[in-house]
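Commentary on secondary and tertiary structure
Residues per chain are reported as follows:
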Amino acid sequence: MRIRIRFCIGFFVLLCFWDANHLLAQGKRLQEQLRKLANHKTNDTLKVILLNEIAYSYHVVKTDSSLFYAGEARKLAKQLGYLKGEAKALGVEAISNYLIGNVSKTVKKNEEALLIYRKMGDVSGEAAVLNNMGIVYHNEGKFDSAFSFYLRSLNLRKSINDEKGIADCYNNIGNVYTDKGNYVEALSRLFDGLLIRERLGDSLGISNSLSNIAGVYSNLKKFDDARKHAERAYSIQERFGDEEGMFHSEVILGTAFLEEKKFNKALEIFKRGYDRCNKMDNPGGLSVCLKNFGYIFERTGQPDLAIKSFAEGLEIDKLYGDLQGISISENGIGRCEFLKGNKEQAISHFINAYNYSSEIHNKLQAYESTQYLAKAYEALGTINQAMHYLKLSVL
């Protein structure tokens, strides 16, 4: 079972911890910022700073307003020759564009900010943007590009001894290794990040590391280790009202119950996670839950319900371009079609899964697809094709 869920962390705040109290405080802060802006009559660097702060405050709750204020900040900063203000405005524009799904503009804004930080000699700003670029490519399933940007960010952060930034990069690099199926390297980098975060006393960072480590142990089927780390993470996440983090931990805990064949308990936890994702408007999380529903129905001999769940997850994966998610869903549908005796339909899905997993260089996922293909072709009596995929599985 492969569960694609991991959190990338850094200056580019795609996954924030927004509980009701936080949103209330954010709203009060935004009103104060708007009041200050209304009373500020001079076009100076302080106004640029205010505009950027307002733009950032709006970026989760109202992206069109965020883009408007960031655009005003960028234009004024450019007029004033205030490079730092211009770069920060571009960064907020990048975040807001990403949140509304405009990836090309996100990349363009980050590239513009990167040039400015380099011109200024601002190593911290440059490293932050490189990390942001890594997150964008990571979430697009372009793992090699993501790895390259994370590594460049890591090296810069090491040069200025930015420990928090270093920990963030280790976390993100570990997640790339996870998504590529290299779990030994993933654990090494994730534990590197965890040690730094524990030394810094970064509670939310610690919970993030623990969740990602638990996810790797779950993929390795070391469920006692997965549960231990997930429970530690959950206790921190609950204290801070971190809904995203709590969902991540629920998925890992549910998976442990699933592997222990405690299907009712697993289904209960995954349903709780599904409801949480609906509340958060988190389509990626919904897809993860749907796949896990599919696993439960598959394991309990209900292939039609399993296919329905995997197919609903697949629709979300395709909508958001999640190539690894598509591969997992296609394999799930293929397995269930095979169970129903529909061998040719199963093969079609397994081939799709293999192609997508190969595209993102996930060797473990590709290996699973080749094993399924060999078994399906053998059942059809097509021995040459079965041998072809068996050979591919050992390359």
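Refer to the structure above for everything that follows.
Just so it is clear, the model here is predicted, and its values are computed rather than measured. (Residues numbered from 1 in each chain as written. Predicted model: local features only at pLDDT ≥ 70, side-chain atom pairs only at ≥ 80, totals over all residues. Heavy atoms only, no water.)

Here we take up the overall build of the protein. Counting secondary structure elements, the protein contains 19 helices and 0 strands. Scaling as 2.2 N^0.38, a compact globule of 395 residues should have a C-alpha radius of gyration of about 21 Å, and the protein matches this with 23 Å. The principal-axis extent of the C-alpha atoms belonging to the protein is close to 80 × 40 × 40 Å. Scored against the burial criterion, the 395 residues of the protein give a buried share of 54%. The long-range share in the protein, meaning contacts at least 24 apart out of those at least 6 apart in sequence, stands at 58%. Looking at the protein as shown, the accessible area adds up to about 17600 Å², and 53% of this sits on carbon and sulfur atoms. Across the protein, the 52 positively charged side chains and the 47 negatively charged ones have centroids separated by 2 Å. (Helix = DSSP H or I, 4+ residues; strand = E, 2+ residues; numbered from the N terminus. Rg over C-alpha atoms; globule rule 2.2 N^0.38 Å. Buried < 20%, exposed > 50% of the residue type's maximum accessible area, 1.4 Å probe, protein only. Contact = heavy atoms within 4.5 Å. Areas by Shrake-Rupley, 256 points an atom, 1.4 Å probe, with all protein chains shown as cover. Lys, Arg positive; Asp, Glu negative; His and termini not counted. Charge placed at Lys NZ, Arg CZ, Asp CG, Glu CD.)

Glancing now at the packing of aromatic side chains. Aromatic ring pairs are defined here through the distance separating the ring centres and the angle between the ring planes. Tallied over the entire structure, the rule returns 9 aromatic pairs. Taken together, the ring pairs in this structure connect Tyr58, Phe68 and Tyr69 into an aromatic cluster. Between Arg227 and the ring centre of Phe257, over which it is positioned, the NZ or CZ distance is 5.7 Å. It is Lys265 that lies over the ring of Phe257; its NZ or CZ is 5.9 Å from the centre. (Phe/Tyr/Trp six-rings, centres within 6.5 Å; stacked < 30°, edge-to-face > 60°. Lys NZ or Arg CZ within 6 Å of the ring centre and 35° of its normal.)

Here the focus is the packing of helix H8 (residues 163-179) against helix H10 (residues 203-219). Following both chains from N to C, one finds H8 and H10 inclined at 15 degrees, their axes separated by 11 Å at the closest point. Relative to H10, H8 is oriented roughly parallel. Crossing handedness for the pair H8 and H10: left-handed. Of H10, the residues touching H8 (which contributes Asn171, Asn175 and Thr178) are Asn208, Ser209, Asn212, Val216 and Asn219. (Axes fitted to C-alpha atoms, helices over the stretch in contact; angles between N-to-C directions. Parallel < 35°, antiparallel > 145°, perpendicular 65-115°, else oblique. Left-handed = near helix turned anticlockwise from the far one by under 90°.)

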